[in-house]
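# Close look at the chain arrangement
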Amino acid sequence: IITLSDLECDYINARSCCSKLNKWVVPELIGHAVVTVLMLISLHWFIFLLNLPVATWNIYRYIMVPSGNMGVFDPTEIHNRGQLKSHMKEAMIKLGFHLLCFFMYLYSMILALIND
């Protein structure tokens with residue numbers, strides 16, 4: 001969010017912004033996929049179903065990158081057609097989702113410790 005905000009205010013150029021953001025796309029994809037599979041294996045159905053759409057969206061977004069682009073965030077297209085606003089909106093939604101998941105996982109951990 002901060003990097004996209006800096007790009008919006010012209011504190012950094014599009015190429016450095018996109019290279020910073022693109023190096024975190026694959027680790028985010030792998031991490032979220034691993035958490036989703038672990039929730040499936042451990043039979044936590046509610047958390048699995050909560051994580052499944054976000055994991056699917058991350059995989060879809062990574063697969064649908066047009067050939068010739070630098071990555072999910074492309075410096076030549078980030079200012080076109082309101083992509084910067086949509087990337088900012090997506091980052092805010094993911095931030096809210098991760099905060100919700102953090103508190104749910106924390107609650108589950110405390111509940112498991114109390115029950116043992």
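Residues numbered from 1 in each chain as written. Predicted model: local features only at pLDDT ≥ 70, side-chain atom pairs only at ≥ 80, totals over all residues. Heavy atoms only, no water.

Test applied: UniProt positions are given in the numbering used here, feature names are shortened, and annotations may be inferred rather than shown by experiment.
Going by what an unreviewed UniProt entry lists, the protein chain is known as CNIH4 protein and is assigned to Sinosuthora webbiana. As stated in UniProt under Subcellular location (unreviewed entry), the record for the protein chain gives "Membrane". According to the UniProt record, the Sequence similarities (unreviewed entry) comment for the protein chain reads "Belongs to the cornichon family."

### Quick notes on the overall build of the protein chain
As a reminder, the rule being used: The secondary structure listing takes helices from DSSP runs of H or I that are at least 4 residues long and strands from runs of E that are at least 2 residues long, numbered from the N terminus. Note on method: radius of gyration uses C-alpha positions; expected globular size equals 2.2 Å times residues raised to 0.38.
If you tally the helices and strands in the protein chain, you get five helices and zero strands. In the protein chain, the succession of α and β elements from N to C terminus is α-α-α-α-α. Taken over the C-alpha trace, the protein chain has a radius of gyration of 17 Å; the compact-globule value for 116 residues is 13 Å, which it surpasses by more than 25%. In terms of its C-alpha atoms, the protein chain occupies a principal-axis envelope of roughly 55 × 30 × 20 Å.

### Some words on unusual backbone geometry
Its identity as a non-glycine residue notwithstanding, D10 has a phi of 65°, on the positive side. Inspection of the secondary structure puts D10 in the loop between α1 (2-8) and α2 (14-22). Residues other than glycine seldom take positive phi values, yet L43 does so here, at roughly 60°. Relative to the helices and strands, L43 resides in the loop between α3 (25-41) and α4 (45-63).

### Comments concerning the packing of α3 against α4
What counts is decided by this rule: Axis definition: a line fitted to C-alpha atoms, limited for helices to the stretch in contact. Angles are taken between N-to-C directions and run from 0 to 180 degrees. Note that the term roughly parallel is reserved for angles under 35 degrees, roughly antiparallel for angles over 145, roughly perpendicular for angles of 65 to 115, and oblique for everything else. Handedness of a crossing is defined here by the sense of rotation of the near helix relative to the far one, left-handed for an anticlockwise turn of less than a right angle and right-handed for a clockwise turn. Should any heavy atoms of two residues lie within 4.5 Å, those residues are counted as being in contact. Three classes are used: nonpolar for Ala, Val, Leu, Ile, Met, Phe, Trp, Tyr, Cys and Pro, charged for Asp, Glu, Lys and Arg, and polar for all others, with Gly counted as polar.
Axis separation between α3 and α4 bottoms out at 9 Å; the angle between their running directions is 150°. As the angle between them shows, α3 and α4 are arranged roughly antiparallel. For the pair α3 and α4, the crossing hand works out as left-handed. Side by side, α3 and α4 meet where V25, V26, E28, L29, H32, V35, T36, M39 and L40 of the first sit next to W45, I47, F48, N51, L52, V54, A55, N58, I59, R61 and Y62 of the second. For the contact of α3 with α4, the class distribution of residues is 14 nonpolar, four polar and two charged.

### Structural notes on a nonpolar patch on the surface
Rule in force here: Candidate patch residues must exceed 30% relative accessible area and have no salt bridge, after which like charges are joined if within 9 Å and Val, Leu, Ile, Met, Phe, Trp or Tyr side chains if within 5 Å. All accessibility values rest on the Shrake-Rupley procedure with a 1.4 Å probe; residue burial counts only the protein chains present in the view. A pair is scored as a salt bridge if a Lys or Arg side-chain nitrogen falls within 4 Å of a carboxyl oxygen belonging to Asp or Glu.
Taken together, V26, I30, V34, V37, L38, I41, W57, I59, Y60, Y62, I63 and M64 make up a surface patch of nonpolar side chains, about 1,200 Å² in accessible area. Broken down by secondary-structure element, the contributors of at least two residues to the nonpolar patch are α3 and α4. Tallying contributions element by element places α3 first for the nonpolar patch, with six residues.

### A short note on helix α5 (residues 83-115)
Here is the rule we go by: Multiply 1.5 Å by the residue count of a helix minus one, and that product is the helix's expected span. Between buried and exposed lies partly exposed: a residue is buried under 20% and exposed over 50% of the maximum accessible area for its type, with that area taken using a 1.4 Å probe on protein chains only.
Look at α5: 47 Å from first C-alpha to last across 33 residues, which is about the 48 Å you get at 1.5 Å a residue. Considered for burial, the residues of α5 that qualify are Q83, L84, H87, M88, E90, A91, K94, F97, C101 and M104. Looking at the buried side of α5, the elements it contacts are α1, α3 and α4.

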